[in-house]
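Listed below, chain by chain, are the residues.
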Amino acid sequence: MTAVSIATIGSPRLTMGFDRFDRIDLDRHRALHGALAVPTLEELLKITEAVDIRGRGGAAFPFARKLMAVAKQVGRPGDVDDFLLPGEEDDHRGRRQKRAVVVVNGSEGEPGSKKDKVLLTRNPHLVLDGAQIAATALGTRDIVIAIEDETAARSMRAAIAERRMPAEVVRLPERFISGESGAVIRAINGETPIPPGRKVRAAESGVDGRPTLLSNTETFAQLAVLVSLGPDLYASVGTDSEPGTTLLTVGGTTVVECPLGTPLASVFAQCGVQPGQGVLVGGYHGEWITPEAARTAIVSRAGFQAVGGSLGAGIILPLPEGTCPLREVARIASYMAGQSAGQCGPCRLGLPDLYRSLEALVDGSGSPELVRRAAGIGRGRGACSHPDGTARFALSALNTFARDIEIHQLNGTCGQPCFGVLPLPVPGGGESKFAIDWSRCEGHGLCAYLVPELIQLDRYGFPVVLDAEIPGWMETDAQRAVAMCPALALRMVPVMAKQPKAKRK
């Protein structure tokens, strides 16, 4: 994992001890956070409802409702003694026979987020405390930690060994959509780690078809802190409606723990950054807000909603001066198109079209109306939230960078290079994209017929290739298109890591 700095505003909770220790082992963890407390299901429901603890993976779903949903599947809610424990059978009163599974979603496929990896590598025991608290309340010992980062996975395996607990670590592929709950469940079950394409409630049928409590890394760490402090002390910071602290990843390089209700300006001051040309809040499924909005924004779900943004998974990405905003937005749209599972029309065709409409804005030939049209096609009809989230990201850019759009429409450029400041994964060597040998191309158009997602024809019948990597789900079709090109003009070439363009003086 790339080196990440840690900052705190107020007294640290999740990051307690990070200023003294690179990694907190079990003994240090117990010294800092105390011995593990294990409330009953009824007690746990009461304290999680008292502070309305929400999931910190982006959806902000109430944790108590998830817990209750799973409890209803494994026994009478509120009575731990009524749960089926390992080795027990159903007692013929109609109760389910399947034990629950607790899943820690440690996938952090979004390039701008580092908070969960920091927790998994620096204090995995706090996360395991939360998972063990939930599992004990549900009458199960089955815990699975799904992680896409190898360093974090090694840290978690070491922590499990220290505790001698029967938990399992499952590796996920490093892709944007790997953290979607359905994709996580499929990965644990040994299936292709993509969203299932239909609504499947993990509480009813998750890992191995069993009732599954799934939440993200920070949520379980927050649960452990809540149980340790109690609801009153936990709510001594934050706001009345959103108590406690939260973790933010600022600029992709700094993880900040701060009380909910902290001004975003204070977070920026702590990190030594400025709002720049605009701020992306909530990540690549989030929204852009203006520098003026960023200066008045409050870090909370309600605070970001008030300025047109969303807290999401706590990702804050200021766009500094000197780089072209529209090229930065198009660059991310290209990445998001390549990260889809390719199992529905809004992803297969809609996201490439959205990228093309943004590229047209860059060269001045497009318009905001074309972007809105591309973003609106298939809205709400995707197999998962990926197309809608990407559309939200693009549409919010139209408002925040409206002046830049006007300049590009007038001049075809704003005169600024694109430095690629918004974080993206470095190509690992297996990625490729299409290229055309124009000395051979005769405009047959077969390639556009075979791979319409990435190739379209111009008005003269010649191919226009999308400057994006070929998604994994298109590999077979892409190779077929290359093999069937009558003029042998279509090729697949490796994607190279782009170096920032030098700024002209």
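Residues numbered from 1 in each chain as written. Predicted model: local features only at pLDDT ≥ 70, side-chain atom pairs only at ≥ 80, totals over all residues. Heavy atoms only, no water.

**As for helix α4 (residues 115–122)**
(1) Moving on: For α4, the buried fraction is high: eight of the eight residues fall into the buried class.
(2) Moving on: Of all the positions in α4, only Lys115, Asp116, Lys117, Val118, Leu119, Leu120, Thr121 and Arg122 are classed as buried. (Buried < 20%, exposed > 50% of the residue type's maximum accessible area, 1.4 Å probe, protein only. Helix = DSSP H or I, 4+ residues; strand = E, 2+ residues; numbered from the N terminus.)

**With respect to the pairing of strand β5 (residues 212–216)**
In regular strands, side chains alternate between the two faces of the sheet.
(1) Moving on: Of all five residues that make up β5, five are buried, and the element is covered over most of its length.
(2) Moving on: Going residue by residue along β5, you find Thr212, Leu214 and Asn216 tucked away on one face and Leu213 and Ser215 tucked away on the opposite face as well.
(3) Moving on: As defined by bridge partners, strand β2 (residues 101–106) adjoins β5 across five bridges and the pair is classed as parallel. Pairing of Val104 across the sheet is with Ser215, part of β5. (Pairing = 2+ DSSP bridges.)

**Here's the deal with the pairing of β2**
(1) Moving on: With six of its six residues buried, β2 lies for the most part within the structure.
(2) Moving on: Taking every second residue as pointing to the same face, both faces of β2 are buried, with Val101, Val103 and Asn105 on one and Val102, Val104 and Gly106 on the other.
(3) Moving on: In terms of strand pairing, β2 meets strand β3 (residues 143–147) through five bridges, oriented parallel. From the neighbouring strand, Val104 faces β3, where its bridge partner is Ile145.

**Looking at the side chain of Ser107**
(1) Moving on: Structurally, Ser107 can be placed in the loop between β2 and α4.
(2) Moving on: On the basis of relative accessibility, which here comes to 9%, the residue Ser107 falls in the buried class.
(3) Moving on: In this structure the side chain of Ser107 is engaged in a polar contact, spanning 3.3 Å, whose partner is the backbone nitrogen of Gly179. (Polar contact = N/O pair within 3.5 Å; in protein donor to acceptor, adjacent residues only side chain to side chain.)

**So, the environment of Gly443**
(1) Moving on: With respect to the element layout, Gly443 can be found in the loop between β11 (432–436) and α18 (446–450).
(2) Moving on: Classification of Gly443 by relative accessible area gives partly exposed; the value is 23%.
(3) Moving on: Separated by 171 residues in sequence, Gly443 and Gly272 place their C-alpha atoms 53 Å apart.
(4) Moving on: Not counting the four nearest positions on each side in its chain, Gly443 is found in contact with Gly461 and Phe462. (Contact = heavy atoms within 4.5 Å.)

**Side note on the pattern of salt bridges**
(1) Moving on: Under the defined criterion, the tally for this structure stands at 26 salt bridges.
(2) Moving on: For Arg186, the salt bridge goes to Glu191, with nearest N and O atoms at 3.6 Å.
(3) Moving on: For Glu191, a relative accessible area of 40% translates into the label partly exposed.
(4) Moving on: In this structure, Glu453 engages Arg348 in a salt bridge whose closest nitrogen and oxygen atoms are separated by 2.7 Å. Taken together, the positions of Glu453 in the loop between α18 and β12 (455–457) and Arg348 in helix α14 (residues 345–362) put the pair 105 residues apart, joining distant regions of the chain.
(5) Moving on: Sharing partners across several salt bridges, the network here consists of Arg56, Lys115, Asp116 and Glu218. (Salt bridge = Lys/Arg side-chain N within 4 Å of Asp/Glu carboxyl O.)

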